[in-house]
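Chain and residue survey
Chain by chain, the residues run as shown.
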Amino acid sequence: MFGAVMGLAGLGLTARAAAPLFPGVFRAPAYFTELWVALGLLALVILVVLYLAKLGKDWKAVKLDFTDPALMGFTGATPVGMTLVAGGIGPYAPAFASQLWWLGCVLLTVCQVWGISRWLAGKVPLDKLNAGWLILIVGGIVVPGPGISLGHAEAARFFFGFSACGAVLLLPLLLARAALAAPLPDSLRASWVILLVPPSLIYANGLALYPGAQLLENLFFAALVLALALACYARTFWRWPFGPAWWAFTFPLDALAYAATRYAQEHPSAPWKTVAAVTLLAAIVVVAMVLARTLLGARHLFSKRL
């Protein structure tokens, strides 16, 4: 469920970035951009409280989160979500946001070290691998966006560097898993959309960290082609069983829209501005839809328990 924090806060940050590209449509700060930031912060607070309650009530389930190879990748969603929320609240509480960003980065590094050690120990068989591992191993490519705005560009290079290298190693393994192992269960099929994140954010945040590295633009083109392939793959997604993994639809679309926005700003022409508008609209629609279904599901669950 911590993917909800990434999806909500990520949309707020993407809409902020798009504000100069679409004057009169998005204004930052404004009710639209800050709404999603506020929802991301609220989701983070609620989920942290609930997870602490889970920690006290069901230690075995928490242990499973960090040892089951099918679940371990999603542990990265918590610290990555923290860094995105930090970027969202930075204009309002810069000192607290900076501390939250550092905490998220440190926790992400701890989780990465733990995940890699489990991998080297032979605890992660190929058939248990899923795209959720991208959140854990490649999550550091997310942190430069908020990190640069908070004044931590040098530290952001460190976290970005390892994770960008991790993407090069992990993506071939995921493609091999898709080709050689059994298909993912229906409840995790949405996680394949996370494949959009590495090319989108290695391009967008890499260019922010290393201005003039125009070769990175090729990754944005790859992200667009991959998005079309994933749209074809997920064309009947409404038939898939709804669950927390559906939040995996949201933050990758945020990342693609952010990359498209960055590219349209670097190449101001009508076609690229249209691409940015279409990807941003897709992100807004999908995030709103998944949020609505999550709230309806939570309401139904709460009413049943009452």
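Residues numbered from 1 in each chain as written. Predicted model: local features only at pLDDT ≥ 70, side-chain atom pairs only at ≥ 80, totals over all residues. Heavy atoms only, no water.

Let's talk about helix α9 (residues 153-180)
Our working definition: Under the scheme used here, helices are H or I runs from DSSP no shorter than 4 residues and strands are E runs no shorter than 2 residues, and both carry numbers assigned from the N terminus. A helix is expected to reach a length of 1.5 Å times the quantity of its residues less one. Each residue is assigned a bend, namely the angle between axes fitted to the seven residues that terminate at it and the seven residues that start at it. The buried label goes to any residue with under 20% of its type's maximum accessible area, the exposed label to any with over 50%, and the partly exposed label to all in between, with areas taken from a 1.4 Å probe on protein chains only. Between two residues, a contact is recorded if the distance between any of their heavy atoms is within 4.5 Å.
Under the 1.5 Å per step criterion, the end-to-end length of α9 is 40 Å for 28 residues, consistent within 8% with the ideal 40 Å. Its axis deflected by about 25 degrees at Leu169, α9 carries its strongest bend there, up to four residues before the proline Pro172. Within α9, the full set of buried residues consists of Ala155, Ala156, Phe159, Phe160, Ser163, Ala164, Gly166, Ala167, Leu170, Leu174 and Arg177. Looking at the packing, one finds that the buried side of α9 touches α6 (94-120), α7 (133-137), α8 (144-149) and α10 (197-209).

A look at α10
Helical geometry note: an α-helix holds 3.6 residues per turn, so side chains three or four residues apart project in the same direction. The terminal C-alpha atoms of α10 lie 17 Å apart, and with 13 residues this matches the ideal 18 Å at 1.5 Å per residue to within 8%. Where α10 is buried, its residues meet α7, α8, α9, α11 (217-233) and α12 (250-266).

Overview of the nonpolar core
Note the following rule: The set of buried Ala, Val, Leu, Ile, Met, Phe, Trp, Tyr and Cys residues whose side-chain atoms join them within 4.5 Å is what this entry labels a nonpolar core.
Among the nonpolar cores identified, the biggest contains 93 residues, and Trp101, Trp133, Leu134, Ile141, Leu170, Ile194 and Phe249 are the most heavily contacted of them. With 9 residues, the top contributor of residues to this core is α12.

Side note on the packing of α10 against α12
Helix-helix packing: each pair is described by the crossing angle between the helix axes and the interaxial distance. Convention followed: The convention used is that axes are lines fitted to C-alpha atoms, helices contributing only their stretch in contact, and that angles between N-to-C directions extend from 0 to 180 degrees. Should an angle fall under 35 degrees it is called roughly parallel, over 145 degrees roughly antiparallel, and 65 to 115 degrees roughly perpendicular, with every other angle called oblique. For a crossing to be left-handed, the near helix must be turned anticlockwise from the far one by less than a right angle; the clockwise case is right-handed. Classes in brief: Ala, Val, Leu, Ile, Met, Phe, Trp, Tyr, Cys and Pro nonpolar; Asp, Glu, Lys and Arg charged; the others, Gly included, polar.
Relative orientation of the contacting elements α10 and α12 amounts to 40 degrees, with a least axis distance of 8 Å. With respect to α12, the element α10 is oriented oblique. α10 and α12 meet at a crossing whose hand is left-handed. Where α10 approaches α12, its residues Val197, Ser200, Leu201, Tyr203, Ala204, Asn205, Leu207 and Ala208 are matched on the opposing element by Phe251, Pro252, Ala255, Leu256, Tyr258, Ala259, Arg262 and Tyr263. Considered class by class, the residues forming the contact of α10 with α12 number 13 nonpolar, 2 polar and 1 charged.

Section: a nonpolar patch on the surface
The cut-off we apply is this: Only residues whose relative accessible area exceeds 30% and that take part in no salt bridge are eligible for patches, with like-charged residues grouped when within 9 Å of each other and nonpolar side chains (Val, Leu, Ile, Met, Phe, Trp, Tyr) grouped when within 5 Å. Here the Shrake-Rupley method, with its probe set to 1.4 Å, supplies the accessible areas, and only the displayed protein chains count as covering residues. For this document, the term salt bridge refers to a Lys or Arg side-chain nitrogen within 4 Å of an Asp or Glu carboxyl oxygen.
Residues Val48, Leu52, Leu55 and Trp59 make up a contiguous nonpolar surface patch of about 390 Å² in total accessible area. In terms of residue count, the dominant contributor to the nonpolar patch is helix α2 (residues 31-57) (3 residues). One can find Trp59 in helix α3 (residues 59-65). The class of Trp59 is exposed, set by a relative accessible area of 53%.

Description of the packing of aromatic side chains
Spelled out, the test is: Two rings from Phe, Tyr or Trp (for Trp, the six-membered ring) form a pair when their centres are within 6.5 Å of each other. A pair whose planes differ by under 30 degrees is stacked, one over 60 is edge-to-face, and the rest are tilted. Sitting over a ring, as applied to charges here, requires NZ of Lys or CZ of Arg to be within 6 Å of the ring centre and within 35 degrees of the ring normal.
With the rule as written, the count across this model stands at 22 aromatic pairs. For the ring pair Phe220 and Phe221, a centre distance of 6.2 Å and an interplane angle of 50 degrees mean the geometry is tilted. Judged by relative accessible area, Phe220 falls into the buried class, the value being 0%. Since its relative accessible area comes to 32%, Phe221 is described here as partly exposed. Connected via pairs of aromatic rings, a cluster forms that spans Tyr233, Phe237, Trp238, Trp240, Phe242, Trp246 and Phe249. Looking at Arg293, its charged tip hangs above the ring of Trp246, at a distance of 5.1 Å from the centre.

Remarks on the pattern of salt bridges
All chains considered together, the criterion is met by 5 salt bridges. Here Arg16 and Glu34 are joined by a salt bridge, their closest N and O atoms 2.7 Å apart. Within this pair, whereas Arg16 is found in helix α1 (residues 3-18), its partner Glu34 is found in helix α2, the two being separated by 18 residues in sequence. Across the pair, exposure class does not vary: Arg16 and Glu34 are buried alike. Put simply, Arg157 and Glu154 hold a salt bridge, and the shortest N to O gap is 2.8 Å. Of this pair, Arg157 and Glu154 both sit in helix α9, 3 residues apart, which is roughly one turn of that helix. Arg157 gets classed as partly exposed once you look at its relative accessible area, which sits at 27%. Overall, Glu154 belongs to the exposed group, its relative accessible area being 59%.

What about the layout of surface pockets?
As a reminder, the rule being used: Cavities and pockets are defined on a 1 Å grid built over the protein atoms alone: a cavity is a set of grid points where a 1.4 Å probe fits but cannot escape, while a pocket is an open set with protein on both sides within 12 Å along at least five of seven lines, and lining residues are those with an atom within 4 Å of any such point. Grid points are joined across faces, edges and corners, and a volume is the space filled by probe spheres set on the points.
Quantified by volume, the largest pocket comes out at close to 1,800 Å³. Lining the largest pocket are 49 residues; nearest its centre among them are Met1, Phe2, Leu47, Leu50 and Tyr51. Elements represented by at least two residues in the lining of the largest pocket include exactly α1, α2, α3, α5 (77-89), α6 and α13 (270-305). Take the lining of the largest pocket: its biggest share by element is 12 residues, from α2. Here the residues of the lining of the largest pocket are counted per class, giving 37 nonpolar, 7 polar and 5 charged. As a volume, the second largest pocket reaches approximately 510 Å³. What lines the second largest pocket is a set of 28 residues, and nearest its centre among them are Leu13, Leu84, Gly145, Pro146 and Tyr258. For the lining of the second largest pocket, the elements supplying multiple residues, two or more each, are α1, α5, α7, α8, α10 and α12. Ranked by residues supplied to the lining of the second largest pocket, first place goes to α1 with 6 residues. Along the lines of polarity and charge, the residues of the lining of the second largest pocket split into 19 nonpolar, 7 polar and 2 charged.

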